[in-house]
Amino acid sequence: AFPDALLLSDGRVRLQYQRDGLINSAISEDGGLTFVQEPGIRVPTGWHGDLDRDKVGPSTTVLLSNGKFRMYYRGDYSDDSYFNGVKTVILSAISEDGLNWAPEDGVRVAPEDWVHPGTADNRLYVDDPEAVVADDGRVHLYFWGMGMCYGTCLSVSDDGLSFDVVEQVLATSDLGLGRWPDDHTILPQENSPWLMYFRMGSPDRKIQGIWVAERTESTR
């Protein structure tokens, strides 16, 4: 699940994905059509102690100006007091080649960092990060959350590590189906508004599909 594709400098495509609660990868030599699974695990559980002891993934990866790759991904562990019985955070890892990864200290996003007063643990959740490096070098990290916002959240970082402010950029209540948007992917455009594609459906699942939203604030 949760494909995350990298275009390497030699033209190969590396596809990272979640399998058995870990992040694995496959490599393509023909432009991204045929893939062979690569040996080993890209990101295992337990790099951050209890924070990722049960599962890791989904992931999103960006190429930094220094030529390194940074991956943002969800870490979680089972805890019945949290939403869906899972405590989640967004973590990160760094790589020289997109194959061998090392964990980065700290938590990039934790739902308890930004909460509405009185929000119970069972309404705290963060998932599905999607990162974009803007022209000014800042990292725009989109995700869906509960407790900090209800819908699609955005946090912007100067260094890609410290995300101190979060804002709600697409509210669940504005979408009309009573269900949150998730599985985001962003299409940045130079001369047109950015587009965000996301999955959404009705609670009874009779309506499901991929939707699109257009960014209206060009200053972020």
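Residues numbered from 1 in each chain as written. Predicted model: local features only at pLDDT ≥ 70, side-chain atom pairs only at ≥ 80, totals over all residues. Heavy atoms only, no water.

Student: Describe the overall build of the protein, with residues and values.
Tutor: Check the secondary structure of the protein and you find 0 helices and 15 strands. Here the C-alpha atoms of the protein give a radius of gyration of 17 Å, agreeing with the 17 Å that 2.2 N^0.38 yields for 220 residues. In terms of principal-axis extent, the alpha carbons of the protein reach across some 50 × 45 × 40 Å. The proportion of buried residues among the 220 residues of the protein is 48%. The contacts in the protein between residues at least 6 apart in sequence include a share of 39% that link residues at least 24 apart. Counting 19 positive and 35 negative side-chain charges, the protein places the averaged centre of each group 4 Å from the other. (Helix = DSSP H or I, 4+ residues; strand = E, 2+ residues; numbered from the N terminus. Rg over C-alpha atoms; globule rule 2.2 N^0.38 Å. Buried < 20%, exposed > 50% of the residue type's maximum accessible area, 1.4 Å probe, protein only. Contact = heavy atoms within 4.5 Å. Lys, Arg positive; Asp, Glu negative; His and termini not counted. Charge placed at Lys NZ, Arg CZ, Asp CG, Glu CD.)

Student: I'd like a description of the pairing of strand 15 (residues 208–214), backed by residues and values.
Tutor: Looking at chain direction, strand 14 (residues 195–201) and strand 15 are connected through 7 bridges and run antiparallel. Among the inter-strand pairings, M196 is bridged to a residue of strand 15, identified as A213. Count of turn residues in the strand 14/strand 15 antiparallel hairpin: 6 residues, of which R205 carries a positive phi of about 65°. (Pairing = 2+ DSSP bridges.)

Student: Talk me through the sheet that holds strand 9 (residues 125–133); I want residue IDs and the actual numbers.
Tutor: A sheet is described by the order of its strands in space; here 4 strands give the open sequence 9-10-11-12, paired in antiparallel fashion. Single-partner strands in this sheet number two, and they are strand 9 and strand 12 (167–171). Pairwise comparison of adjacent strand axes, ignoring direction, gives a mean angle of 25° for this sheet. Sheet analysis places strand 10 (residues 139–146) next to strand 11 (residues 151–157), joined by 7 bridges and oriented antiparallel. Across the sheet, V139 pairs through a bridge with S157, a residue of strand 11. (Axes fitted to C-alpha atoms, helices over the stretch in contact; angles between N-to-C directions.)

Student: Please give an account of unusual backbone geometry that cites residues and values.
Tutor: Note the cis peptide between G57 and P58, where omega equals 0°. Take P58: it is sitting in strand 5 (residues 55–63). In the Ramachandran plot, D20 falls in the positive-phi region, its phi being about 55° despite a non-glycine side chain. Considering the arrangement of structural elements, one finds D20 in the loop between strand 2 (13–19) and strand 3 (22–28). Residue D20 is classed as exposed on the basis of its relative accessible area of 73%.

Student: Lay out the pattern of salt bridges with the relevant residues and their values.
Tutor: Following the criterion strictly, the structure yields 10 salt bridges and no others. A salt bridge links D127 to R74, with the nearest nitrogen and oxygen atoms 3.0 Å apart. With D127 in strand 9 and R74 in strand 6 (residues 69–78), this residue pair connects regions lying 53 residues apart in the sequence. Each member of the pair D127 and R74 is classed as buried. In this structure, the salt-bridge partner of R138 is D136, at a minimum N-O distance of 3.0 Å. Among the residues examined, R138 registers a relative accessible area of 21% and is labelled partly exposed. (Salt bridge = Lys/Arg side-chain N within 4 Å of Asp/Glu carboxyl O.)

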